[in-house]
Amino acid sequence: MATTITKEYLETVCDNAVLAENANLSPSLAEGQDLYFKKKMTSSVGAVVAQEIDQFVDNIFPASSNQSFLYKHITNIGLPAPSGATPTLCIMSLSLNNFPPATIVNILVKEGVILTNDVTGVQYEVLKNTNIPAGTPLTQVKIPCISLKSGKDTYSPPRSANTFTTHVPGIGSLNKAYITQITSGQDTPTDLDLSNRIYNYAQFPRGGGSPGDYIKWAVESDPINVSTAIVLETEGGNDNVLYVAL
């Protein structure tokens, strides 16, 4: 990020430059003297020019840009607009072991039910009503959850236990759920994060890359819902098709 050069800073530079040549010229810098007016004029013009140069550099070079210009760079090259901090998303099951169908009554885990992770203490909220019919194998239960807060520190280890903080009627001894899939939340991107995103795009632009690159990009675009992707080569090899599996 470029340093802003102010009119006051340039006036000080003028004073120091004059006095460095001849310390006896100090009275000539007093208000009303010719050197005083010259200092004021040149400093005012210089400050405007410096500001214009700063904006020009910020518009061209992401490394020196502040956040507002970095958002402009990202928009101009067609990357998704940066968001603030994001929460952790995960899927929980009532067991990690392949138990036979549980002898339980129908259970409804309602949207908004809160669970607390036994390892990290992070709290998660159930995203939607999850109905568990009697006899359902516990490993097949999929409870989608989201962290109550946002940021990287809302991540919890896979397979870790989470205790139901909210009472669920009929849950009985099944008062814990286990993380089977998880995607970490992210902190609000810094200026450095945004600059790196722009430079990564410049080095690995869309429209270029091996089939493996496209598969990687497809899965990374939505790790919760995109399980895999394949590239099918057409005859001639120039018009390949990317299929994404949800």
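Thoughts on the overall build of the protein
Then step 1. Along the backbone of the protein there are 5 helices and 10 strands.
Then step 2. Counting only contacts in the protein whose residues sit at least 6 apart along the sequence, the fraction spanning at least 24 positions is 61%.
Then step 3. Per element, the accessible surface of the protein, about 15200 Å² overall, is 56% carbon and sulfur.

Examining the side chain of serine 43
Then step 1. For serine 43, the location among the structural elements is in helix 2 (residues 34-60).
Then step 2. Ignoring anything within four residues of it in the chain, the contact list for serine 43 reads Lys7, Leu10, Glu11 and Cys14.

What to know about the side chain of serine 160
Then step 1. Within the secondary structure, serine 160 sits in the loop between strand 6 (143-150) and strand 7 (161-164).
Then step 2. Polar contacts involving the side chain of serine 160 include one to the side chain of asparagine 117, which spans 2.9 Å.

A few points about the pattern of salt bridges
Any two side chains of opposite charge can pair, so long as their charged atoms come close to each other.
Then step 1. Counted according to the given criterion, the structure contains 1 salt bridge.
Then step 2. The closest approach of N and O atoms between aspartate 118 and lysine 176, which form a salt bridge, is 2.7 Å. With aspartate 118 in the loop between strand 3 (114-117) and strand 4 (123-126) and lysine 176 in strand 8 (residues 176-183), this residue pair connects regions lying 58 residues apart in the sequence.

Describing the nonpolar core
Most often, soluble globular proteins have nonpolar side chains that are buried together.
Then step 1. Counting residues in each nonpolar core, the largest one holds 22 residues, and the members touching the most others are Met92, Leu94, Val109, Ile143, Cys145 and Phe164.
Then step 2. At the level of secondary structure, the elements contributing two or more residues to this core comprise strand 1 (87-93), strand 2 (107-109), strand 4, strand 6 and strand 8.
Then step 3. Top element by residues in this core is strand 8. It accounts for 3 residues.
Then step 4. Residues in contact with leucine 94, not counting those within four places in the same chain, are Ile132, Leu138, Val141, Ile143, Phe164, Leu174, Lys176, Ala177 and Tyr178.

A look at the sheet that holds strand 7
Then step 1. Pairing within the closed barrel is antiparallel, and its 6 strands lie in the order 1-6-4-3-7-8. Between one strand axis and the next, the sheet turns through 40° on average, direction left out of account.
Then step 2. Across 3 bridges, the pairing between strand 4 and strand 6 is antiparallel. Within strand 6, the residue paired with valine 126 across the bridge is cysteine 145.

Some details on the environment of serine 43
Then step 1. Overall, serine 43 belongs to the buried group, its relative accessible area being 1%.
Then step 2. Along the chain, serine 43 and leucine 10 lie 33 residues apart, while their C-alpha atoms are 5.2 Å from each other.

A short note on unusual backbone geometry
Then step 1. Even without a glycine there, the phi angle at arginine 159 is positive, about 75°.
Then step 2. Examined against the element boundaries, arginine 159 turns out to sit in the loop between strand 6 and strand 7.

Considerations on the state of the cysteines
Then step 1. Overall, the coordinates contain 0 disulfides when judged by the stated rule.
Then step 2. The cysteine cysteine 90 is free of any disulfide, with cysteine 145 supplying the nearest cysteine sulfur at 4.8 Å.

Here's the deal with the pairing of strand 1
Then step 1. Judged by how many residues are buried, strand 1 sits mostly within the fold: 5 of 7 residues are covered.
Then step 2. Of the strand pairs in this sheet, strand 1 and strand 6 are connected by 5 bridges, and their pairing is antiparallel. Its bridge partner being in strand 6, leucine 89 is matched across the sheet by isoleucine 146.
Then step 3. Examined bridge by bridge, strand 1 and strand 8 share 5 bridges and lie antiparallel to one another. Its bridge partner being in strand 8, methionine 92 is matched across the sheet by isoleucine 179.

Considerations on the environment of alanine 218
Then step 1. Along the polypeptide, alanine 218 turns up in helix 5 (residues 211-221).
Then step 2. Separated by 12 residues in the primary sequence, alanine 218 and isoleucine 230 have C-alpha atoms spaced 9.4 Å apart.

A closer look at the environment of lysine 152
Then step 1. Inspection of the secondary structure assignment puts lysine 152 in the loop between strand 6 and strand 7.
Then step 2. Using a relative accessible area of 46% as the deciding quantity, one classes lysine 152 as partly exposed.
Then step 3. Taking C-alpha positions, lysine 152 is 6.1 Å from serine 184, a pair spaced 32 residues apart along the chain.
Then step 4. Residue contacts for lysine 152: discarding those within four places in its chain leaves Ser184, Gly185, Gln186 and Asp187.

Analysis parameters
- Residues numbered from 1 in each chain as written.
- Predicted model: local features only at pLDDT ≥ 70, side-chain atom pairs only at ≥ 80, totals over all residues.
- Heavy atoms only, no water.
- Helix = DSSP H or I, 4+ residues; strand = E, 2+ residues; numbered from the N terminus.
- Contact = heavy atoms within 4.5 Å.
- Areas by Shrake-Rupley, 256 points an atom, 1.4 Å probe, with all protein chains shown as cover.
- Polar contact = N/O pair within 3.5 Å; in protein donor to acceptor, adjacent residues only side chain to side chain.
- Salt bridge = Lys/Arg side-chain N within 4 Å of Asp/Glu carboxyl O.
- Core = buried A, V, L, I, M, F, W, Y, C linked by side-chain atoms within 4.5 Å.
- Buried < 20%, exposed > 50% of the residue type's maximum accessible area, 1.4 Å probe, protein only.
- Pairing = 2+ DSSP bridges.
- Axes fitted to C-alpha atoms, helices over the stretch in contact; angles between N-to-C directions.
- Disulfide = S-S within 2.5 Å.

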